[in-house]
Amino acid sequence: EPDTDMFCEVIFLVDVSGSMSGSRMEQTKQTLQLFLSSLPTNCIFNMVSFNKNYQKLFQSSQKYDDSTMQQAEAFVSRMYARGGTNIMNP
């Protein structure tokens, strides 16, 4: 049986460059929604999307709760594929 008292931090790093356009981006968004709803309640998390720039969901990882889950879902829904790729900046 898993140890549910164990603390964890989850960082989602999401490519939103032009190469992810179309069905790739839609599948990525659906997968992120599934992962978000599957996070353990005792974790902190954050999300970073990148193309030629990067954008963080939160300045630093936040406790997983209803409010942060809703913020993350909104962040995911606003993602769209565009631009080049530069993963080095974050």
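Use the structure listed above.
Values in this document were obtained by computation on a predicted structure and should not be read as measured data. (Residues numbered from 1 in each chain as written. Predicted model: local features only at pLDDT ≥ 70, side-chain atom pairs only at ≥ 80, totals over all residues. Heavy atoms only, no water.)

Q: How should I be thinking about the packing of helix α1 (residues 23-37) against helix α2 (residues 66-77) in this particular structure?
A: Geometrically, a packed helix pair is captured by the angle between its two axes and the distance between the axes. Where α1 meets α2, the axes come as close as 10 Å, and the angle between the chain directions of the two elements is 175 degrees. Of the possible angle classes, the one that applies to α1 and α2 is roughly antiparallel. When α1 is examined against α2, the residues K29, L32, Q33, L36 and S37 are found in contact with a partner set consisting of M69, A72, E73, V76 and S77. Tallied by class, the residues present in the contact of α1 with α2 amount to five nonpolar, three polar and two charged. (Axes fitted to C-alpha atoms, helices over the stretch in contact; angles between N-to-C directions. Helix = DSSP H or I, 4+ residues; strand = E, 2+ residues; numbered from the N terminus. Parallel < 35°, antiparallel > 145°, perpendicular 65-115°, else oblique. Contact = heavy atoms within 4.5 Å. Nonpolar A, V, L, I, M, F, W, Y, C, P; charged D, E, K, R; others polar.)

Q: In this structure, what is going on with the state of the cysteines? I would like to understand it.
A: What makes a disulfide is a covalent bond joining the sulfur atoms belonging to two cysteines. Inspection of every chain in the model, using the stated rule, returns zero disulfides. Between C8, a free cysteine, and C43, which holds the nearest cysteine sulfur, the sulfur-to-sulfur gap is 4.2 Å. C8 gets classed as partly exposed once you look at its relative accessible area, which sits at 21%. (Disulfide = S-S within 2.5 Å. Buried < 20%, exposed > 50% of the residue type's maximum accessible area, 1.4 Å probe, protein only.)

Q: Can you help me understand the side chain of K29 in this one?
A: Within the secondary structure, K29 is located in helix α1. The buried charged residue K29 lacks any salt bridge, with E26 as its nearest oppositely charged partner at 4.1 Å. A distance of 3.1 Å separates a polar atom in the side chain of K29 from the backbone oxygen of M79. Residues in contact with K29, not counting those within four places in the same chain, are V76, S77 and M79. (Lys, Arg positive; Asp, Glu negative; His and termini not counted. Salt bridge = Lys/Arg side-chain N within 4 Å of Asp/Glu carboxyl O. Polar contact = N/O pair within 3.5 Å; in protein donor to acceptor, adjacent residues only side chain to side chain.)

Q: What is the right way to look at the environment of G18 in this model?
A: Its place among the elements puts G18 in the loop between β1 (8-15) and α1. A residue is classified by how much of its surface remains accessible, and G18, at 31% relative accessible area, is partly exposed. A sequence separation of 64 residues divides G18 from R82, and the C-alpha atoms of the two residues are 4.1 Å apart.

Q: Any chance you could explain the pairing of strand β2 (residues 43-50) here in plain terms?
A: Looking along a regular strand, one sees the side chains alternate between the two faces of the sheet. Counting buried residues in β2 gives seven out of eight residues, a clear majority hidden from the surface. Relative to β2, β1 runs parallel, the two being bridged by eight bridges. In the strand pairing of β2, I11 is matched with N46. Each parallel crossover has a hand, and the one from β1 via α1 to β2 is right-handed. (Pairing = 2+ DSSP bridges. Right-handed = clockwise from strand over helix to strand, strands pointing away.)

Q: Looking at this structure, I do not really get α2. What am I missing?
A: Because each turn of an α-helix spans 3.6 residues, side chains separated by three or four positions in sequence point in the same direction. If you check α2, its first and last C-alpha atoms are 16 Å apart, about what 12 residues at 1.5 Å a residue would give, namely 16 Å. All of the buried residues in α2 are T68, M69, A72, F75 and V76. The buried residues of α2 occupy an angular sector of 120 degrees when projected down its axis, which confines them to one face. Every exposed residue of α2 that faces more than 90 degrees away from the buried side is listed here: D66 and Q70. On its buried face, α2 sits against α1, β2, β3 (54-56) and β4 (62-63). (Expected span 1.5 Å × (residues − 1). Arc of directions from axis to C-beta.)

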